[in-house]
Amino acid sequence: MTDSLTFIGRSLRHSVRSVDALLTALFLPVGIMLMFVYVFGGAIQTDGRYVDYVVPGIIVLCAGFGSAGTAVAVALDMTSGVIDRFRTLPISAGAVLTGHVTASVARNVVSTLLVVGVALISGFRPTTLPLNWLAAAGLLLLLMTAISWISAALGLLARNVEAANAVTFVAAFAPYVSSAFVPAESMPSGLRWIAEHQPVTPIVDTLRALMLDLPVGNAWIAAVAWCAAGIVLGRAAAAYLFARR
Amino acid sequence: MCMAYTIEAEDLCKAFGETRVLEGVDLHAERGEVLALLGPNGAGKTTTVRILATLLEPDRGTARVAGHDVVRERRAVRAAISLTAQEAAVDGLLTGAENLRMMARLRRAGDRTRELLAEFGLEHAADRRVETYSGGMRRRLDIAMSLVSRPQVLFLDEPTTGLDPRSRAAVWDAVKHLADDGTTILLTTQYLEEADRLADRIALVAGGRIAAEGTADELKSRVGRETVELFFADAETLEAAAAVLGGRRGESSLHVGVAGAEDVRRVLDELAERGLPATRIALHKPTLDDVFLALT
């Protein structure tokens, strides 16, 4: 536990000091949101206002994309000499990775707050019920943790930083084939089947229902289950790969 | 109880795919001893160190460090060792002081940051990010990071490769102090001089095996003597001197084997008596090349 705290401190320092990466992590999500609301938004028809429909999707996209950056951070670390020093210490294999994952979640909390803030300025009108916000925040934290752990495992699997970078692209594109930006019903049948069965859809649907105070239905069960599975599997895979490399 | 060696390795073998890197390495070092693995690139020095430091598992053979098996009792071995690998193992985004404090916390050791910074001449750079350090400063910090907890066994993989003479001397001093305090040190090097200065015993590594082992003097005596290289004013004098002294003819000089300073005086006196004065001389010690050509 003490070791994890030490590595969390290290990764947070890294986050703050890697100025380029930090600016990208904070402002790219805001840029994506503005693009959807103002550039594409006018052409897409949904029930109700598009800004209300799309902002929860954007939040999920940004949380996923930002968390996937963990793969790059881990791959960078594994190619540096300092990792051999950590691996010859009498500490648990996971401590270094816990540092990366926690710093990733912290970065994404900040960028999500930024996105929500700009969304409110841009006309996003969510519910003000505190319980809904609490549940939404909980779901987002689960999602960020899950994607961060999975990305950490993929970062360990990647042979170099470029390969690790590809992970962020997968995370960035998965939401497009989901209900994040347009309803799944509007897609051709093959894509629609994918959209309805991939994890992003129940997560976005749950978040949207919570933020707009609509009926949540059963979607939340699938959303939480996907995230929990991601955390458990990602973490186990990462610990295994770290010990093997 | 037979608790003889701090480092003992038997028949270590390791292959990476088709490439066989170690073909049966046997090693031992007593407590407080400095053992140098001397050999060219690719001889298997780093692989040996990585196995002993628990970073690699051997395909065959066993090794114990500080009394614990490096495969089955990794954690106990890790508690007793520090590794300074070939690539400087420092965190570039942290400052020098932060690197040292981080290691102290991870090692559950007292904070000796100031002391170590002073010892390695890094006080002025304590609060600068390590990515701004020179190669020599990184190396010194790297070794300081290995010393936060006073390890029982210290592995130094080519600790002075690429260092300027001043940094090299600082590293050598640190190694000597540690050995005096009872730390067992295994260092790898490509430099005969370094092994000579630091090591109690030297193991020559070639082709994944230990080709020869002994003190520096033992090894050098097996290689041959020092030579003095003599230059003359003209080719005739060189010719005449060669007739008197024997030795090996170079292009414009004569190499003669000598045993110490007195022997050099004897050679020069003999030349002077015969009116064949040398214009310039140079002394040559046996080089790593000589050692390898002779013993492998």
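For clarity, every value in this text was computed on a predicted model and none was experimentally measured.

Basis of the calculations
Residues numbered from 1 in each chain as written. Chains lettered and ligands numbered in written order. Predicted model: local features only at pLDDT ≥ 70, side-chain atom pairs only at ≥ 80, totals over all residues. Helix = DSSP H or I, 4+ residues; strand = E, 2+ residues; numbered from the N terminus. Buried ≥ 20, exposed ≤ 12 C-beta atoms within 10 Å, placed from the backbone. Contact = placed C-beta atoms within 7 Å. Axes fitted to C-alpha atoms, helices over the stretch in contact; angles between N-to-C directions. Parallel < 35°, antiparallel > 145°, perpendicular 65-115°, else oblique. Left-handed = near helix turned anticlockwise from the far one by under 90°. Nonpolar A, V, L, I, M, F, W, Y, C, P; charged D, E, K, R; others polar. Pairing = 2+ DSSP bridges. Core = buried A, V, L, I, M, F, W, Y, C linked by C-beta atoms within 7 Å. Domains from an automatic or database assignment. Expected span 1.5 Å × (residues − 1).

**Q** An account of the overall build of chain A is needed here, citing residue identities and associated values.
**A** Helix and strand counts for chain A come out as ten helices and zero strands. Reading chain A from its N end, one meets helices and strands in the order α-α-α-α-α-α-α-α-α-α. Sorting the 245 residues of chain A into buried and exposed places 45% on the buried side. In chain A, the proportion of contacts linking residues at least 24 apart, taken out of those at least 6 apart, comes to 82%.

**Q** An account of the packing of helix α3 (residues 96-106) of chain B against helix α5 (residues 135-146) of chain B is requested, with residue identities and associated values reported.
**A** All names here are of chain B. For the pair α3 and α5, interaxial distance at closest approach is 9 Å and the crossing angle is 20 degrees. Judged on the interaxial angle alone, α5 and α3 are roughly parallel. The chirality of how α3 crosses α5 is right-handed. Between α3, through Gly96, Asn99, Leu100 and Met103, and α5, the contact on the second element is made entirely by Leu141, Ala144 and Met145. Its residues assigned to classes, the contact of α3 with α5 shows five nonpolar, two polar and no charged.

**Q** Talk me through the sheet that holds strand β6 (residues 81-84) of chain B; I want residue IDs and the actual numbers.
**A** Residues and elements named next belong to chain B. Taken in spatial order, the six strands of this open sheet run β6-β7-β8-β3-β9-β10, and their pairing is mixed. The strands lining the two open edges of the sheet, one partner per strand, are β6 and β10 (209-214). Across this sheet, the average inter-strand angle for adjacent strands is 15 degrees, counted without regard to direction. Relative to β10, strand β9 (residues 201-206) runs antiparallel, the two sharing five bridges. Within β10, the residue paired with leucine 204 across the bridge is alanine 212. Those strands touched by α5 are β6 and β7 (153-157), and its axis lies near 170 degrees from that of β6. In the packing of helix α6 (residues 165-180) onto the sheet, contacts are made with β3 (34-38), β7 and β8 (184-189), and the angle to β8 comes to roughly 150 degrees.

**Q** Please set out the nonpolar core residue by residue, giving values where relevant.
**A** Counting 136 residues, the largest nonpolar core has Val60(A), Ala71(A), Leu143(A), Ala36(B), Leu52(B), Phe155(B) and Leu186(B) as the members making the most contacts within it. In terms of residues, this core owes the most to one element, helix α3 (residues 50-78) of chain A, which gives 18 residues. Excluding its chain neighbours within four sequence positions, the residues that come into contact with Leu52(B) are Ile7(B), Ala9(B), Ala63(B), Val65(B), Val70(B), Phe155(B) and Leu186(B). Core analysis: the next-biggest nonpolar cluster, separate from the first, contains eleven residues, Val228(B), Leu230(B), Leu254(B) and Val256(B) among them.

**Q** Break down the pairing of β9(B) for me, citing the residues and quoting the values.
**A** Moving residue by residue along a regular strand, the side chains alternate between the two faces of the sheet. All names here are of chain B. Two elements, β3 and β9, share four bridges in a ladder whose sense is parallel. Note on β9: the bridge partner recorded for leucine 35 is arginine 201. Here β9 folds back onto β10 in antiparallel fashion, the turn holding two residues, of which glycine 207 has a positive phi close to 55 degrees.

**Q** Give me unusual backbone geometry: which residues, what numbers.
**A** Residues and elements named next belong to chain B. Positioned with a positive phi, threonine 54 is a non-glycine residue whose angle comes to about 70 degrees. Examined against the element boundaries, threonine 54 turns out to sit in the loop between α1 (45-52) and β4 (60-65). Of note in this structure, alanine 66 is not a glycine but carries a positive phi near 55 degrees. Looking at the secondary structure, you find alanine 66 in the loop between β4 and β5 (68-69). By C-beta crowding, alanine 66 is classed as buried, having 20 other C-beta atoms within 10 Å.

**Q** Pulling in residues and values, what's your account of the packing of α3(A) against helix α7 (residues 161-173) of chain A?
**A** All names here are of chain A. Close contact between α3 and α7 brings their axes to 8 Å; oriented N to C, the two are set at 170 degrees. Taken together, the axis directions place α3 and α7 in an arrangement best described as roughly antiparallel. In this structure, α3 contributes Gly64, Phe65, Ala68, Gly69, Ala71, Val72, Ala75 and Leu76 to the contact, and α7 contributes Val161, Ala164, Asn165, Val167, Thr168, Ala171 and Ala172. Broken down by class, the residue content of the contact of α3 with α7 amounts to eleven nonpolar, four polar and no charged.

**Q** Explain the domain arrangement of chain B to me, using residue names and the numbers behind them.
**A** Domain boundaries assigned for chain B yield domain 1 (7-221) and domain 2 (224-295). Taken over C-alpha atoms, the centre of domain 1 of chain B sits 39 Å from the centre of domain 2 of chain B.

**Q** An account of helix α10 (residues 219-244) of chain A is needed here, citing residue identities and associated values.
**A** All names here are of chain A. Helix length check: α10, at 26 residues, gives a terminal C-alpha distance of 37 Å against a target of 38 Å (1.5 Å per residue), a fit within 8%. By the burial criterion, the buried members of α10 are Ala223, Cys227, Gly234, Arg235, Ala238 and Phe242. At its buried positions, α10 is contacted by α5 (94-121), α6 (130-157) and α9 (200-212).

**Q** I'd like a rundown of the pairing of β4(B), residues and numbers included.
**A** Residues and elements named next belong to chain B. Direction of pairing for strand β1 (residues 7-16) relative to β4: antiparallel, over a ladder of five bridges. Its bridge partner lying in β4, glutamate 8 is registered against arginine 64. Pairing of β4 with β5 involves two bridges; the strand directions are antiparallel. Within β5, the position partnered with arginine 64 by the bridge is aspartate 69. Once β4 ends, the chain turns through two residues before running back antiparallel as β5, passing alanine 66 with a positive phi of about 55 degrees.

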